[in-house]
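# Fold and geometry: a report
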Amino acid sequence: MPADAAKLPPFRKLPFKAPDMDVRRGEGGVVYLSSRTPLGPVPRSIPHVLDERAAEHPDRPWLKQRLPNHGDWRAVTYGEGAKVTRSLAQALLDRGLGPDAPLLILSGNSIEHALMSMAAMRIGAPATPISMAYSVMSTDFAKLKHCFNAVKPKAIFVQTMDPFRKALAALPLDGVAVISADGSEGSEAFAKLAETAVTSVVDTAMDWLGADSIGKYLFTSGSTGMPKPTPQSQGQMTAQIAARNALDQPLPDHDPNEVLQNLDWMPWSHISGGNVNYNGCLALGGTFHIDEGRPMPGLFVTTMKNAAEIRPQYFGSAPIAYAMLAEAMEQDSAFRDAFFSRMKYMVYGGATLSDDLYDRIQALAIASTGERIPLTTMYGATETQGITMVHWELERVGMVGLPLPGQTLKLVPTGAKMEVRVKGPMVMKGYLNLPEKNKEVFDEEGFYCLGDAARFSDPQHPEKGLVFDGRVTEDFKLNSGTWVSVGTLRPDIVAACAPLVADAVVCGQDKAYVGALLWPSPAAMKAAMEAAGGDGAKAVGELTMQVAQKLAAFNATQSGSSRKVGRFKILTTPPSLDAGEITDKGYVNQRVAQDHRAGDVAALFAPEVAAGVVKLT
């Protein structure tokens, strides 16, 4: 606990059970961790969950999305959702979809996307949403073609045709139905399919659903080679629901009639947005508001407007959104107070939250409510659903929590670190049609190997939780043989440069010192441009000097070469989603970014200090 923590107000109480862990030590320093909290009832399938909620409260809004141009909310109730997805399921059956004939979804989150996905799952046809970037930001559509060929869909859904016409033209669509919400030329209209008369075959198909039925294919980010198709069985997804619900422990002042109001922008092509957040809200009978805002300049204002109106009970996003959130609340106390009015806890994921951002969020929460707000996280992967969760109040960030009920964590000594492996009902059985890769990623005991590292917050008390210790594959050695832990140094650099820097790429494999490529925060770049009268070069120069001062101060507090930045450079182009430098969730792929910016990396280590590069030590 920080020295001054006792002076701070208490946290709002979390409605979760306290950790109860079983710790077993094996040969060679291996440690096994599992929760003693039982998993609890596991729903049969996600479509069955929808039908149960529809029977309980048919008139409650299930999905909400704003009309175009920031209009009013349009909504689908649970009862309407159950009814229309049966009609859509019949329409998909009529077009040949089934367990071996998936539905490919190219467009982003929308009500129609959700209904089509649920309809496909009703008949056992895997719903396959892929990153929009593969269709609308790519020039060669290589990843899109790869995904198409991997799953061989029988139908494709897009929200509107025009943004996807070039992408669709690049695919072999013989025998593949194209469905769109706008029903424009070249597609079948969603509205017409939603009116299809339902036969008993839909119910028969749903009767076949079980734990091993594939509900979705989600693709990995493609950080090493092409994206890998990862089956998401109904059992995996419903076990995630059961694990999360097993930890619930309502507080004494809990209102059983309160309806969860969820606001989320995270893309459904990823595990956190499409499974953990979306399925979790469905299971609790909440109302899912599709946030069309993004943690990007010009778009985050939409998230602010939605959050102030909806006042969600919890907020989850990537750290990049937290930086924008803090800036917005620091400038607008009315928004701050609306945001915190019903907030029970906040969730970050995809990357580590910096200490600076944590402190700013807590200061804002205290100013608004007189209490600190719990900041929690869930750690997982496309292949595993959730693995661990922080479900208790913490005085720090960087934790990944402890295993969820049902999951067993295995920590294996690898060099100076402990590699994370996991087994349980939420873990995939293997990638689609990639037998050789499957041999690589599962160990001799059947544990999936994530390539991440973790360490105990307190080795004498494992129940206090695990700390993320970087990617085993991201760490590197300097030419002195000293290891650099990228997973811990990167957020520390960002925090030291706050609020000027949004993220960093840490370099230096076999070099004499650590180099850093830095992306300026949008707010800092905007302020620098205004101060420079719109002169970009002058703005970058001024920002570089300010960052140099902060990094010099940071270096002065560090004792070893693996923790000091020798040279840095400010990047003037944003991270590329299409190139794989950054995921939809805002996580920077260190290796891909270095490969994509090989010239900038080389400049950091040139014999003579290159233009734009600052030498610190």
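The shown structure was predicted, so the numbers you read here are calculated from the model rather than taken from an experiment.

The rules behind each value
- Residues numbered from 1 in each chain as written.
- Predicted model: local features only at pLDDT ≥ 70, side-chain atom pairs only at ≥ 80, totals over all residues.
- Heavy atoms only, no water.
- Helix = DSSP H or I, 4+ residues; strand = E, 2+ residues; numbered from the N terminus.
- Rg over C-alpha atoms; globule rule 2.2 N^0.38 Å.
- Buried < 20%, exposed > 50% of the residue type's maximum accessible area, 1.4 Å probe, protein only.
- Contact = heavy atoms within 4.5 Å.
- Areas by Shrake-Rupley, 256 points an atom, 1.4 Å probe, with all protein chains shown as cover.
- Pairing = 2+ DSSP bridges.
- Axes fitted to C-alpha atoms, helices over the stretch in contact; angles between N-to-C directions.
- Parallel < 35°, antiparallel > 145°, perpendicular 65-115°, else oblique.
- Left-handed = near helix turned anticlockwise from the far one by under 90°.
- Nonpolar A, V, L, I, M, F, W, Y, C, P; charged D, E, K, R; others polar.
- Phe/Tyr/Trp six-rings, centres within 6.5 Å; stacked < 30°, edge-to-face > 60°.
- Lys NZ or Arg CZ within 6 Å of the ring centre and 35° of its normal.
- Salt bridge = Lys/Arg side-chain N within 4 Å of Asp/Glu carboxyl O.
- Expected span 1.5 Å × (residues − 1).
- Polar contact = N/O pair within 3.5 Å; in protein donor to acceptor, adjacent residues only side chain to side chain.

We now examine the overall build of the protein. Helix and strand counts for the protein come out as 20 helices and 28 strands. Taken against the 2.2 N^0.38 rule, which gives 25 Å for 617 residues, the C-alpha radius of gyration of the protein at 24 Å falls within 12% of a compact globule. Here the C-alpha coordinates of the protein stretch approximately 75 × 55 × 55 Å along the principal axes. Relative to its full complement of 617 residues, the protein shows a buried share of 57%. Contacts in the protein between residues at least 24 apart in sequence constitute 68% of all its contacts with a sequence separation of at least 6. Surface accessibility of the protein: about 25000 Å² in total, with carbon and sulfur atoms responsible for 54%.

On to the pairing of strand S14 (residues 314–317), then. Residues in a regular strand point their side chains to alternate faces of the sheet. Alternating positions in S14 separate into two faces, Tyr 314 and Gly 316 on one and Phe 315 and Ser 317 on the other, with burial throughout. Bridge analysis of S14 against strand S15 (residues 345–348) gives four bridges, and the strand direction is parallel. Bridging from a neighbouring strand, Phe 315 pairs with Met 346 of S15.

For the bond from Ala 498 to Pro 499, the omega torsion is 0°, close enough to zero to count as cis. Its location among the elements puts Pro 499 in the loop between helix H16 (486–496) and strand S25 (501–507). Of note in this structure, Arg 311 is not a glycine but carries a positive phi near 50°. If you trace the backbone, Arg 311 turns up in the loop between helix H11 (300–310) and S14.

Moving on to the packing of H11 against helix H13 (residues 333–340). Contact geometry of H11 with H13 gives a least axis separation of 7 Å together with a crossing angle of 55°. With respect to each other, H11 and H13 are oriented oblique. Crossing hand, H11 versus H13: left-handed. Here H11 contributes Met 304, Ala 307 and Ala 308 to the contact with H13, which in turn contributes Phe 335, Ala 338 and Phe 339. A per-class count over the contact of H11 with H13 returns six nonpolar, no polar and no charged.

A few words now on the packing of aromatic side chains. Scanning the model with the defined rule gives 14 aromatic pairs in all. Relative to Phe 447, the ring of Tyr 32 has its centre 6.0 Å away and its plane inclined at 55°; by these criteria the two rings are tilted. Highlighted residues: Tyr 32 in strand S2 (residues 31–35) and Phe 447 in the loop between helix H15 (435–441) and strand S21 (448–456), separated in sequence by 415 residues. By relative accessible area, Tyr 32 is classed as buried at 10%. Positioned above the aromatic ring of Tyr 32 is the side chain of Arg 24, whose terminal nitrogen or guanidinium carbon lies 4.0 Å from the ring centre. In this structure, Arg 372 is placed above the aromatic ring of Phe 11, and the distance from its NZ or CZ to the ring centre is 4.1 Å.

A few words on the pattern of salt bridges. Enumeration over the complete set of coordinates arrives at 30 salt bridges. With its nearest N and O atoms 3.2 Å apart, the salt bridge here joins Glu 258 to Lys 344. Of this pair, Glu 258 sits in the loop between helix H9 (234–246) and strand S12 (261–264) while Lys 344 is found in the loop between H13 and S15, placing the two residues 86 residues apart along the sequence. Under the relative-accessibility criterion, Glu 258 is labelled partly exposed at 31%. The class of Lys 344 is partly exposed, set by a relative accessible area of 29%. With a closest N to O distance of 3.6 Å, Arg 455 and Asp 469 form a salt bridge. Placement of the pair is Arg 455 in strand S21 and Asp 469 in strand S22 (residues 466–471), with a sequence separation of 14 residues. If you follow the salt bridges from partner to partner, you end up with Lys 410, Glu 419, Arg 421, Asp 443, Glu 444 and Glu 445 in one network.

Another point: the sheet that holds strand S19 (residues 408–414). The strand order across the open sheet formed by 11 strands is S1-S2-S19-S20-S21-S22-S18-S17-S16-S15-S14, and the pairing between neighbours is mixed. Across the chains shown, the open sheet's two edge strands, defined by having one partner strand only, are strand S1 (21–25) and S14. Going from strand to strand, the sheet's axes swing by 40° on average, the running direction of each strand aside. Note: strand S20 (residues 417–423) against S21, three bridges, orientation antiparallel. Counted as the bridge partner of Glu 419 is Ala 453 from S21.

On to helix H3 (residues 111–122), then. With 12 residues, H3 extends 17 Å from end C-alpha to end C-alpha; this agrees with the ideal 16 Å at 1.5 Å per step. For H3, a buried count of 12 out of 12 residues is recorded, marking the element as mostly surrounded by other parts of the structure. Within H3, burial applies to Ile 111, Glu 112, His 113, Ala 114, Leu 115, Met 116, Ser 117, Met 118, Ala 119, Ala 120, Met 121 and Arg 122. In the stretch just after H3, Gly 124 is the one whose phi turns positive, near 80°.

Attention shifts here to the environment of Lys 429. Tracing the sequence through the fold places Lys 429 in the loop between S20 and H15. Using a relative accessible area of 72% as the deciding quantity, one classes Lys 429 as exposed. Each C-alpha atom, one on Lys 429 and one on His 270, is 18 Å from the other, the two residues being 159 residues apart in sequence. Separated by 3.1 Å, the side chains of Lys 429 and Asp 212 make a polar contact.

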